[in-house]
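Here are the chains, one letter per residue:
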Amino acid sequence: MKYSISDIAQVIDSRATVLNNPQATVSTLLTDSRSLTQPGETIFFAMRTGMGDGHQYISGLYAQGVRNYVVDTLEGIEVHDDANYIVTANTLAALQRLARHHRSRFNDLEVIAITGSRGKTRVKEWLNQLLAADYRIVRSPRSYNSQIGVALSLWNINNDTTLAIIEAGISTTHEMTALHEMIKPTMGVITNVGDEHDEGFETMDEKIKEKSLILEGCNKCIYCGDDERIKKQLPHISHPLDVKVEESTIFYTHDGCRYQATIPFKAPVDIENAVTCLSVMLALGIAPSVIAERMARLTPVATRINVIEGVNNCTVIADGYSSDSNSLAPALDFVARRTGSRPNTIIMSDLDDGDDEAYAHVAQCLAGRKVSRLLGVGPALCSHANMFGGINARFFENTAQFLDALSQGDFEDETVLVKGAPGYDFELILDLLEVKRHQTVEEVDLNALAHNFKFFKSKVNPTTKTVAMVKASGYGAGSYEIAKTLQDRGANYLAVAVQDEGVELREAGITMPIIVLNPSVVNYKAMFRYNLEPEVYSLEECRELIKEGTRCGVKNHAVHIKIDTGMHRLGFTLEQLPALIELLGSQDVLRPASVFSHLCVADEPEQDDYTLQQIAYFTRCVELLQSHCDHHLLRHILNTSGIVRFPQYQLDMVRIGIGLYGIKTVFDGSEDALLPVSSLKSVIISIKEWPAGTTVGYGRRGVLKRDSRIATVTIGYADGLDRHCGGGNTSMWAGGQRCPTVGNVCMDAVMIDITGTNCKVGDIVEIFGNHIPVEELSDARGTIPYEILTSVSPRVKRVYYRE
């Protein structure tokens, strides 16, 4: 669909306009400058969010060909005489007004809105699979369910659309009304209500009431009537569906008759989602016989994007979400944010929705993203090869042909997106491209990281800046992907322990300010060249920095003044500050950007008096420094615990450390919303049954007290599993239950007791993660979670993913 810029100006209720080309047409809405594909027909909404100000990207977008903008001010913006500017009070509200208007043009359209704590995306994707033969479907890309994402999703509705399936996600009160007004659903679905985003609501009833707003005005409402919490908040069920489940078969009564449908999944969450889909299909009038036939052919929905280390210095991004034109743009966005100046290769299969229009859209999308190379697999892509004339492309009839033609040597120092439909055996391509390591992996959940960052941001004022700690290689999780995610989420600074960590981040493409906390510098040129900002903690260090900066011709290099308020590790005392002030005033090499200190007992309530003494001492030091400085010094003293317990002292900036990674430092319930970021997993490589009295492991330390099934798991102390974790001191998660360790931990293996489980060779075992808190391992070792996380061996492969 296309609109003229003058029509858009009328729709969004502009305060002022500068329309140099009022007949310009717009087909693409843009809120993130990194997602630009069609500059000539794009309108950019300059949003102000906690992650940044979109107005600062206007000049760069203009240089790339964008000529249409929605802004909240023209102040500070260069107004070009060939561009259009619409000024409005609130650019997000303007975007939503445009989405509401666009939706109103299709009043007869069936629109399904899906909300809930879990399962929204899977239900949406399964409904797409189940209903594709009956409708021309527009659906939310991936998890585009936010205040912005819903608006962008609705924009895809056009005259050919016969069904829209839109996700609606909320995290606090007063959010659903805006989503409902945009979507105007004819059918509302609540998948379930759990404890996700509890921190945004006072009570569970408040959360359910907010979610239930999506059902207002709907002709049909789908929700679980067995959940009494939901039932009491929602209208009476006029046509309840009587459902019983046996393994993977759903038995139900409809119009007085008994039916059944079997799905190729057995997990309870899959059964729940399938029942929701079945209910929607019945509400749409789909015959039970058709439902049974289609549900038997459901395929998994891979909501993860995995980032893995590839051969020849490649980064491989595996996206098995779906293979259709709708899901390509979000995947390319993810690639673009991790590519930097490196070339990128897209390996993709035929589309699920593969008509001529869809392939034309893909070609346009790839050209707009300046993809370096396309490797297409499948007969449909081969037959549409002529559409990709402007792209460096090769096509193969099938995956076997691809593997015959290409080898690892054809991929070097690039980012590779692998995106294939089920049935194309793209796991063989991933096997070709992935660096081979042993089977123990550390999975890093980038969504959980973003959630935890948002949690701490919610504890401080919107104007308070944040320093995200990524020292010790992101607490063992790997610093680049962590840093990239935090940069995208709007962190103001990163902090590393040593200079080499900062250099690696710069070379990987991280551009945001980086503080070096322990600058034992031997290569000052690298520090200045990469614009790394050292902590200054002594007069000797300060003099050395000034001397080396003078040699390098450096002026006004940012540094951060460390005050020792009670940790007694590093930093200036109040008595040393006059000498520091005199030294800084005599030179122009260094420019203090901030002054900070570290609380040593902020997580111990019984020592709050000492913490308050530290803060008072810090205040005196800051006042003295600021009185001799001609610019404002950023002040920061709160760490992870301090943010939660002493928010009144947030000052200008806070530092978020171990809490980012889901580790609680306060145990009064205030950090219960944190999610674990890292999960250490391995696999069972052997299972044997032994009688009672059998000894297991070195030194025969493990003595079986009963007949037992013992599994050998391929992780040992060389991977970071401390020997104190053996002998039953810790358990691992296998077969859906805790399984204690047996005997000593070996260098490359450990044994666990899996008696009573259905475990088999090849099954995944969790050492720590969602089921086994990392604190259990640190308690067994007599240490702290920091040490466990940072002790995971470099030989353990890190796999990064987001849903």
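Here's what I pulled together on the structure shown here. (Residues numbered from 1 in each chain as written. Predicted model: local features only at pLDDT ≥ 70, side-chain atom pairs only at ≥ 80, totals over all residues. Heavy atoms only, no water.)

This part is about the overall build of the protein chain. Along its length, the protein chain carries 26 helices and 41 strands. Relative to a compact globule of 803 residues, whose C-alpha radius of gyration would be 28 Å, the protein chain shows 29 Å and is just as compact. Long-range contacts, defined as pairs at least 24 residues apart, comprise 68% of the intrachain contacts of the protein chain with a sequence gap of at least 6. Counting every atom, the protein chain has about 34100 Å² of accessible surface; 48% of that belongs to carbon and sulfur. For the protein chain, the separation between the mean place of its 77 positive charges and that of its 100 negative charges on side chains is 1 Å. (Helix = DSSP H or I, 4+ residues; strand = E, 2+ residues; numbered from the N terminus. Rg over C-alpha atoms; globule rule 2.2 N^0.38 Å. Contact = heavy atoms within 4.5 Å. Areas by Shrake-Rupley, 256 points an atom, 1.4 Å probe, with all protein chains shown as cover. Lys, Arg positive; Asp, Glu negative; His and termini not counted. Charge placed at Lys NZ, Arg CZ, Asp CG, Glu CD.)

Here the focus is the sheet that holds strand 29 (residues 557-562). Taking strand neighbours across the sheet as the criterion, the 8 strands line up as 31-30-29-28-27-26-25-32 in an open arrangement whose pairing is parallel. Each end of this open sheet is capped by a strand with a single partner; those strands are strand 31 (634-636) and strand 32 (653-656). For this sheet, the mean inter-axis angle between neighbouring strands, taken without regard to orientation, is 30°. Relative to strand 26 (residues 493-496), strand 25 (residues 465-469) runs parallel, the two sharing 3 bridges. Residue pairing across strands places Ala 468 opposite Leu 494, the latter belonging to strand 26. Packed onto the sheet, helix 21 (residues 539-551) meets strand 28 (532-536) and strand 30 (590-596) and runs at close to 150° relative to strand 28. (Pairing = 2+ DSSP bridges. Axes fitted to C-alpha atoms, helices over the stretch in contact; angles between N-to-C directions.)

Moving on, we get to the environment of Glu 501. Looking at the secondary structure, you find Glu 501 in helix 19 (residues 499-507). Placed 65 residues apart in sequence, Glu 501 and Gly 566 show a C-alpha to C-alpha distance of 27 Å. Of note is the side chain of Glu 501, whose polar atom sits 3.0 Å from the backbone nitrogen of Ala 472. (Polar contact = N/O pair within 3.5 Å; in protein donor to acceptor, adjacent residues only side chain to side chain.)

Counting residues in hydrophobic clusters, the biggest one holds 133 residues, and the most contacted among them are Leu 366, Leu 486, Leu 494, Ile 561 and Ile 563. Those residues in contact with Leu 366 that lie beyond four places of it in its chain are Leu 328, Leu 332, Ile 346, Val 371, Leu 374, Phe 388 and Ile 391. Counting 45 residues, the second largest nonpolar core, distinct from the first, contains Met 47, Leu 179, Met 182 and Ile 230. (Core = buried A, V, L, I, M, F, W, Y, C linked by side-chain atoms within 4.5 Å. Buried < 20%, exposed > 50% of the residue type's maximum accessible area, 1.4 Å probe, protein only.)

With that out of the way, let us pick up the packing of aromatic side chains. Counted by the stated rule, this structure contains 8 aromatic pairs. For the ring pair Phe 388 and Phe 395, a centre distance of 5.6 Å and an interplane angle of 55° mean the geometry is tilted. For Phe 388, a relative accessible area of 2% puts it in the buried group. Note that Arg 67 overlies the ring of Tyr 62, its terminal NZ or CZ placed 3.7 Å from the centroid. (Phe/Tyr/Trp six-rings, centres within 6.5 Å; stacked < 30°, edge-to-face > 60°. Lys NZ or Arg CZ within 6 Å of the ring centre and 35° of its normal.)

One way to put it is that helix 3 (residues 91-104) packs onto helix 6 (residues 176-183) with a least axis distance of 7 Å and a crossing angle of 35°. In this structure, helix 3 contributes Gln 96, Ala 99, Arg 100 and Arg 103 to the contact, and helix 6 contributes Ala 178, Glu 181, Met 182 and Ile 183.

So, about the pattern of salt bridges. What the rule picks out here adds up to 34 salt bridges. Of the charged contacts in the structure, one is a salt bridge between Arg 34 and Asp 488, with a shortest N-O distance of 2.6 Å. One end of the pair, Arg 34, is in the loop between strand 4 (28-30) and strand 5 (42-45); the other, Asp 488, is in helix 18 (residues 479-489), with 454 residues separating them in the sequence. The partly exposed category is assigned to Arg 34, whose relative accessible area is 35%. Put simply, Glu 414 and Arg 373 hold a salt bridge, and the shortest N to O gap is 3.3 Å. Within this pair, whereas Glu 414 is found in the loop between helix 14 (399-405) and strand 23 (415-419), its partner Arg 373 is found in strand 21 (residues 373-377), the two being separated by 41 residues in sequence. Among the residues examined, Glu 414 registers a relative accessible area of 6% and is labelled buried. What emerges from the salt-bridge pattern is a single network uniting Asp 32, Arg 34, Lys 484 and Asp 488. (Salt bridge = Lys/Arg side-chain N within 4 Å of Asp/Glu carboxyl O.)

What follows covers the side chain of Glu 210. Structurally, Glu 210 can be placed in helix 7 (residues 204-212). Lacking a salt bridge, the buried Glu 210 has Lys 209 as its closest oppositely charged neighbour, with an N-O distance of 8.3 Å. Side-chain polar atoms of Glu 210 contact the backbone nitrogen of Met 176, separated by 2.9 Å. What Glu 210 contacts, discounting residues up to four positions off in sequence, is Ile 170, Thr 172, Thr 173, His 174, Glu 175, Met 176, Thr 177 and Phe 201.

Before going further, it helps to examine the sheet that holds strand 9 (residues 84-87). Read from one edge to the other, the open sheet built from 5 strands follows the order 2-9-8-5-4, with strand pairing classed as mixed. Strands with a single pairing partner mark the edges of an open sheet, and in this sheet they are strand 2 (16-19) and strand 4. For this sheet, the mean angle separating the axes of adjacent strands, direction not counted, is 15°. Alignment of strand 8 (residues 68-71) against strand 9, held across 4 bridges, turns out to be parallel. From the neighbouring strand, Asn 68 faces strand 9, where its bridge partner is Asn 84. Packing of helix 3 onto the sheet brings it into contact with strand 4, strand 5 and strand 8, and relative to strand 5 it is tilted by some 140°.

Before going further, it helps to examine unusual backbone geometry. For Asp 425, which is not glycine, the phi torsion reads 55° and is therefore positive. Within the secondary structure, Asp 425 sits in the loop between strand 23 and helix 15 (427-433). Backbone geometry at Ala 472 places phi at a positive 55°, although glycine is not the residue there. Along the chain, the position of Ala 472 falls in helix 17 (residues 471-475). With a relative accessible area of 35%, Ala 472 lands in the partly exposed category.

The end-to-end C-alpha distance of helix 11 (residues 325-339) is 21 Å, a good match for the 21 Å that 15 residues give at a rise of 1.5 Å each. With 13 of its 15 residues buried, helix 11 lies for the most part within the structure. Remark: Gly 340 follows helix 11 within two positions and exhibits a positive phi of approximately 65°. (Expected span 1.5 Å × (residues − 1).)

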